[in-house]
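# Descriptive structure summary
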Amino acid sequence: MRSRLIAVAAGLALILTACGQRTARGPGPANDDFRQRAGRAIAAWEAVGKPKAWTSGFVPLEELTLLPRDPGFTDTTRLAYRIGAYRLSGRLPENAPGRGTIRWPDGRTLSLPLSSAREAYAALDRGPMSRTVPDRSSPGTMPPDGATGASAVPCPECDLTVTGARLGPVSLHTSRGVAQVPAWWFTVPKLKSPVVRVAVRPETVGALPTPSTAPGGDPVYGLDAVPGDPRRLRVTVLTPDGECGARSVRSRVYESPHAIVVGSAVTGRTGDCPGFGAARTLDVTLTGPVGGRVVLDTTGRPIRLGEHRPIPA
């Protein structure tokens, strides 16, 4: 069975290359290695199949909390947004919205039950633990929503005050393309953009399939859209640092009609890496908008737009 999967992965990689799929510019072993790992990641994704919800339900390819415009982050407000630190000052709408309609560009629609403004706010605010940040002096520390045993220090200034909310549509990448989805738009005076939370009730949201992870792949820890450019993505990766430093770290992207693999390639290491590194943010340019394509890293795991995973210290 294993040899069959390897053969499928190798064949798929050759087919995608022949069809004009590409990585970032620059020939050499680093590109070849990334191309092979990307082929394995896509093969693992295709092997799990897609649930019925992929073509008939609501499967978001973005996080359900998003920023429709450039928020004008400071270091503190960016951290507060990432860790879910909010305070409510003012009143939220009390009326329950009942049901709402999701609309796709081809005219298809889907009616689903919606959450109240208070339920949506509760999904934003992670409570008292959100007012802490990782204590990076402690080895292995993770953010508050990360691994058990992580230590953290108080950060009382790390919060975003919400003063009101309204219900309205927001554009969201889904498995069926970009849709207009009912959402709660929260007013946050510290930011230039509202913080938007999709209003569809969680139990009606379809999940992404979970493929087996590919050996030898590198995880992506963060994925963001670049405002104003639908063909660019911003990825956060962990790269060698210190004694295992690299002369060059470049973004890599590999595309198929249904999936995008993002990551990085490192050249010029000066030593063996013991597992520690530095987080870097890199931009990749696609041949076209994400649309309804899933984004993977080279481990084969899907990562949603706007998602940020804990980074090992």
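What counts and how
Residues numbered from 1 in each chain as written. Predicted model: local features only at pLDDT ≥ 70, side-chain atom pairs only at ≥ 80, totals over all residues. Heavy atoms only, no water. Helix = DSSP H or I, 4+ residues; strand = E, 2+ residues; numbered from the N terminus. Buried < 20%, exposed > 50% of the residue type's maximum accessible area, 1.4 Å probe, protein only. Contact = heavy atoms within 4.5 Å. Areas by Shrake-Rupley, 256 points an atom, 1.4 Å probe, with all protein chains shown as cover. Arc of directions from axis to C-beta. Core = buried A, V, L, I, M, F, W, Y, C linked by side-chain atoms within 4.5 Å. Salt bridge = Lys/Arg side-chain N within 4 Å of Asp/Glu carboxyl O. Pairing = 2+ DSSP bridges. Phe/Tyr/Trp six-rings, centres within 6.5 Å; stacked < 30°, edge-to-face > 60°. Lys NZ or Arg CZ within 6 Å of the ring centre and 35° of its normal. Axes fitted to C-alpha atoms, helices over the stretch in contact; angles between N-to-C directions. pLDDT = per-residue confidence, 0-100.

Tallying secondary structure elements over the chain gives five helices and 16 strands in all. Within the chain, buried positions represent 45% of all 313 residues. Summarising the internal contacts of the chain: among those between residues at least 6 apart in sequence, 73% fall at separations of at least 24. As displayed, the chain has an accessible area near 15,500 Å², and 53% of this comes from carbon and sulfur atoms.

Moving on, we get to helix H5 (residues 117–124). Along H5, the residues classified as buried are Ala117, Ala120, Tyr121 and Leu124. When H5 is viewed along its axis, its buried side chains cluster within an angular range of 100° and face the same direction.

Before going further, it helps to examine the nonpolar core. Of all hydrophobic cores here, the largest spans 37 residues; its most connected members are Phe58, Tyr86, Ile102, Val181, Phe186, Val198 and Val200. Elements that contribute at least two residues to this core include exactly helix H4 (75–83), strand E4 (109–113), H5, strand E7 (160–162), strand E8 (164–174), strand E9 (177–187) and strand E10 (195–198). Looking at this core element by element, the count peaks at six residues for E9. Other than its neighbours up to four places away in sequence, Val198 contacts Phe58, Leu64, Leu66, Leu172, Val181, Pro182 and Ala183.

We now examine the pattern of salt bridges. With the rule as written, the count across this model stands at 16 salt bridges. Close ionic contact of Lys50 with Glu46 constitutes a salt bridge, the shortest N to O distance being 3.5 Å. Accessibility expressed as a relative area gives 34% for Lys50, which makes it partly exposed. Judged by its relative accessible area of 33%, Glu46 falls in the partly exposed class. Ionic pairing is found between Arg108 and Asp106, a salt bridge with its closest N-O pair at 2.6 Å. Judged by its relative accessible area of 32%, Arg108 falls in the partly exposed class. The structure contains a network of salt bridges with shared partners spanning Asp297, Arg301, Glu307 and Arg309.

Moving on: the pairing of strand E13 (residues 248–255). E13 sits mainly inside the fold: six of its eight residues count as buried. Judged from the eight bridges that link them, E13 and strand E14 (residues 259–267) form a sheet pairing that is antiparallel. Across the sheet, the residue bridging to Tyr254 is Val261, located in E14.

Looking at the secondary structure, you find Arg304 in the segment after strand E16 (294–296). Since its relative accessible area comes to 18%, Arg304 is described here as buried. Taking the C-alpha atoms as reference points, Arg304 and Leu64, separated by 240 residues in sequence, lie 9.5 Å from one another. In this structure, Arg304 is in contact with Pro60, Leu61, Glu62, Glu63, Gly206, Leu208 and Leu223, ignoring residues within four places of it in sequence.

To continue, consider the side chain of Ser115. By secondary structure assignment, the location of Ser115 is in the loop between E4 and H5. For Ser115, a relative accessible area of 7% puts it in the buried group. Not counting chain neighbours up to four residues away, the residues in contact with Ser115 comprise Pro97, Trp184, Ala199, Val200, Arg201 and Pro202.

We now examine the packing of aromatic side chains. A complete count under the given rule lists three aromatic pairs for this structure. In this structure, Arg108 is placed above the aromatic ring of Trp104, and the distance from its NZ or CZ to the ring centre is 6.0 Å. Over the aromatic face of Trp104 sits the side chain of Arg176, whose NZ or CZ is 3.9 Å from the ring centroid.

Taken in spatial order, the three strands of this open sheet run E13-E14-E16, and their pairing is mixed. Of all strands in the sheet, those bounded by a partner on one side alone are E13 and E16. Shown here is a sheet whose adjacent strand axes are inclined to one another by a mean of 20°, direction ignored. Summarising the sheet, E14 and E16 pair through three bridges and their orientation is parallel. Note that in E16 the partner of Val261 across the bridge is Leu296.

The subject of this paragraph is the confidence of the model for the chain. Close inspection of predicted coordinates is inappropriate for parts of the model with low pLDDT. For the chain, per-residue confidence averages 80 on the pLDDT scale, and 73% of positions sit at 70 or higher. Here helix H1 (residues 2–18) stands out as the least confident element of the chain, with mean pLDDT 36; E10 is the most confident, with 98. Here residues 1–27 scores under 50 on pLDDT; set against residues more than four positions off or in separate chains, the count is 40 contacts. Contacts from residues 135–151, a stretch scored under 50 in pLDDT, to residues over four places away or in other chains number 29 contacts.

Our next topic: the pairing of E8. The side chains of a regular strand alternate between the sheet's two faces. Across eleven bridges, E8 lies against E9 in antiparallel orientation. Across the sheet, His173 pairs through a bridge with Val178, a residue of E9. Where E8 folds back on E9, the antiparallel hairpin that results is connected by two residues.

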